[in-house]
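# Examination of the molecular architecture
One letter stands for each residue in the lines below.
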Amino acid sequence: MSQENIFTLYEKLPTNLKQINPFLDRVFDQLAAHIKDAEQLFKVKLALEEALTNAMRHGNGLKASRKVTVRIAWGDGQIHLDVSDEGKGFNPRTVPDPTQIGYAENIPGGRGIFLMQKMMDRVEFYDGGRGIRMVKKIL
Amino acid sequence: MKPSDSVVGKYKGAFVALDIQINEKEPQVYSLALKGEINTETYALLADQLKNIVPKAKAIIMDMAQVTYISSMGLSTFFRAKIELEARAATIALINVQPSVQLVFDSTKFMGPQLFATLEQADEYLDKFLDGVQKGRIKPKIRPS
Ligand SMILES: Nc1ncnc2c1ncn2[C@@H]1O[C@H](COP(=O)(O)OP(=O)(O)OP(=O)(O)O)[C@@H](O)[C@H]1O
Ligand SMILES: [Mg+2]
């Protein structure tokens with residue numbers, strides 16, 4: 001693996017929904033230099049946006065003083081995303097499947113985690129739901 | 001899912017806002033042309049505009065030709081508009097959905113607004129819909145609370 005095939009990022013973001021997309025624009029501008037497949041980039045960006053939004057809204061309860069920690073690592077044909085918050089955590093098993101009958105045609109929200117699972121190859125929660133790790137192969 | 005080359009993802013360094021053009025085509029029938037990304041930052045712009053229109057609209061058509069990205073906040077915004085409209089026997093349709101946005105709809109099996117490939121098809125649907133409302137065939141939709 002050559003040096004230019006490596007991209008890493010570690011940042012602590014203050015909780016502010018308005019900063020998510022400028023952050024993503026900055027990061028994906030840089031990632032675009034490494035990853036040429038626009039569809040893969042699109043999927044990773046969407047997964048990261050969903051994780052950051054959840055961390056700030058549900059985890060940190062939109063409290064500006066609480067931070068969201070983001071780690072991104074790309075290299076060796078895989079991208080790793082790790083997002084953690086300073087909230088109470090949650091049990092992901094209790095989150096309903098948004099595609100089930102009764103939900104899909106009636107409930108406006110609750111599609112973020114499902115989307116992350118669709119966009120990435122692997123999604124796992126840790127630290128009682130305060131953290132989420134995702135991996136995607138990008139060749 | 002669409003084949004990989006069909007997604008029109010582009011990453012710009014600059015902040016991509018959401019531009020919304022609103023036109024009242026006929027009384028209480030609105031067409032909205034959107035341009036940009038519907039994301040965590042911009043969805044509020046759309047929600048604000050819809051707040052004014054949805055309570056009085058019989059129908060809304062949104063032209064999505066220039067929307068390249070949507071996240072879950074955007075999905076919820078469309079869904080809320082649909083629910084509110086259907087509760088009054090009104091409707092919402094999207095046209096010209098781009099492959100990248102279609103990918104998000106498809107992967108969540110999104111049952112939000114009706115989708116049409118062209119304005120003509122959407123207009124045809126709307127004519128039938130509005131006729132159905134007038135003749136009492138289409139009634140306000142009551143959802144489980
Ligand atoms: N970081 C988190 N901390 C605490 N609870 C969380 C966290 N992430 C998700 N949740 C819980 O899981 C639920 C489902 O999350 P998901 O992202 O799927 O939907 P949503 O955020 O409610 O709506 P959407 O993402 O469609 O706008 C949330 O409503 C919340 O209760
Ligand atoms: Mg969410």
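Look up a bit, the structure's there.
This write-up is about the structure you can find in this document. Per chain, residues are indexed from 1 in the order of the written sequence. In the order they appear in the text, chains get letters beginning with A and ligands get numbers beginning with 1. Local features in a predicted model are, by the rule used here, given only for residues with pLDDT of at least 70; side-chain atom pairs are given and counted only at 80 or more, and totals for whole chains, interfaces and linings are based on all residues. Hydrogens are left out, water is left out, and the side-chain values use all remaining heavy atoms of the structure.

### Thoughts on the site of ligand 1
One heavy atom within 4 Å of a molecule or strand makes the whole residue count as near it. In the region of ligand 1, 17 residues are neighbours, and Asn54, His58, Asp85, Arg111 and Ile113 of chain A sit closest. At ligand 1, the nearby residues belong to more than one chain, namely chains A and B. Under this definition, polar contacts are N or O atom pairs within 3.5 Å; protein pairs additionally need one hydrogen-donor-capable and one acceptor-capable atom, and for neighbouring residues in sequence, both atoms have to be side-chain atoms. Glycine 112 of chain A is positioned with one of its backbone polar atoms (N or O) 3.2 Å from an oxygen atom of ligand 1. In the model, an oxygen atom of ligand 1 is placed 3.0 Å from a nitrogen or oxygen of the serine 72 of chain B side chain. In isolation ligand 1 exposes 600 Å². Once the protein is present, 82% of that is buried. For the shell around ligand 1, the elements supplying multiple residues, two or more each, are helix H2 (38-59) and helix H3 (112-119) of chain A together with helix H2 (72-86) of chain B. A run of H or I in DSSP counts as a helix once it spans at least four residues, and a run of E counts as a strand once it spans at least two, with each numbered from the N terminus. Ranked by residue count, the leading element in the shell around ligand 1 is H2 of chain A, at five residues. Amino acid classes used here: Ala, Val, Leu, Ile, Met, Phe, Trp, Tyr, Cys and Pro are nonpolar; Asp, Glu, Lys and Arg are charged; the rest, including Gly, are polar. Within the shell around ligand 1, the residues separate by chemical class into three nonpolar, ten polar and four charged. Areas reported here follow the Shrake-Rupley algorithm with a probe of radius 1.4 Å; residue values treat only the protein chains shown as occluding.

### Some points on the interface of chain B and chain A
Counting residues at the interface gives 37 residues for chain B and 32 residues for chain A. Using a 1.4 Å probe, buried area is obtained as the accessible area two parts lose upon being combined, added over both of them. Buried area between chain B and chain A, both sides added, is near 3000 Å², and the carbon and sulfur share of it is 61%. For this document, the term salt bridge refers to a Lys or Arg side-chain nitrogen within 4 Å of an Asp or Glu carboxyl oxygen. In this assembly, chain B and chain A are joined by one salt bridge. Linking chain B with chain A are ten residue pairs in polar contact (both at pLDDT 80 or more), by the criterion used here. Looking at the side of chain B that touches chain A, the elements with two or more residues in it are strand S3 (59-70), H2 and helix H3 (99-107) of chain B. In terms of residues, the side of chain B that touches chain A owes the most to one element, H2 of chain B, which gives seven residues. For the side of chain B that touches chain A, the per-class residue count stands at 18 nonpolar, twelve polar and seven charged. Should any heavy atoms of two residues lie within 4.5 Å, those residues are counted as being in contact.

### Describing the sheet that holds S3 of chain B
All names here are of chain B. Two strands pair if DSSP finds at least two bridges between them. Spatially, the five strands line up as an open sheet ordered S1-S2-S3-S4-S5, and their pairing is mixed. Lying at the two open borders of the sheet, with one neighbouring strand each, are strand S1 (18-26) and strand S5 (114-116). Pairs of neighbouring strands in the sheet enclose a mean axial angle of 25°, with direction left out of account. Across eight bridges, S1 lies against strand S2 (residues 29-38) in antiparallel orientation. Axis definition: a line fitted to C-alpha atoms, limited for helices to the stretch in contact. Angles are taken between N-to-C directions and run from 0 to 180 degrees.

### A word on the packing of H2 of chain A against H3 of chain A
Residues and elements named next belong to chain A. Running from N to C, H2 and H3 cross one another at 150°; their axes reach a closest spacing of 9 Å. If you check the angle between H2 and H3, you find them roughly antiparallel. The hand of the H2/H3 crossing is left-handed. Between H2 and H3, the contacting residues are Lys43, Leu46, Ala47, Glu50, Ala51 and Asn54 on the first element and Gly112, Ile113, Leu115, Met116 and Met119 on the second. Looking at the contact of H2 with H3, its residues break down into seven nonpolar, two polar and two charged. Orientation labels follow simple angle bins: below 35 degrees gives roughly parallel, above 145 gives roughly antiparallel, 65 to 115 gives roughly perpendicular, and whatever is left gives oblique. Each helix crossing is assigned a hand: it is left-handed if the near helix lies turned anticlockwise from the far helix by less than a right angle, otherwise right-handed if that turn is clockwise.

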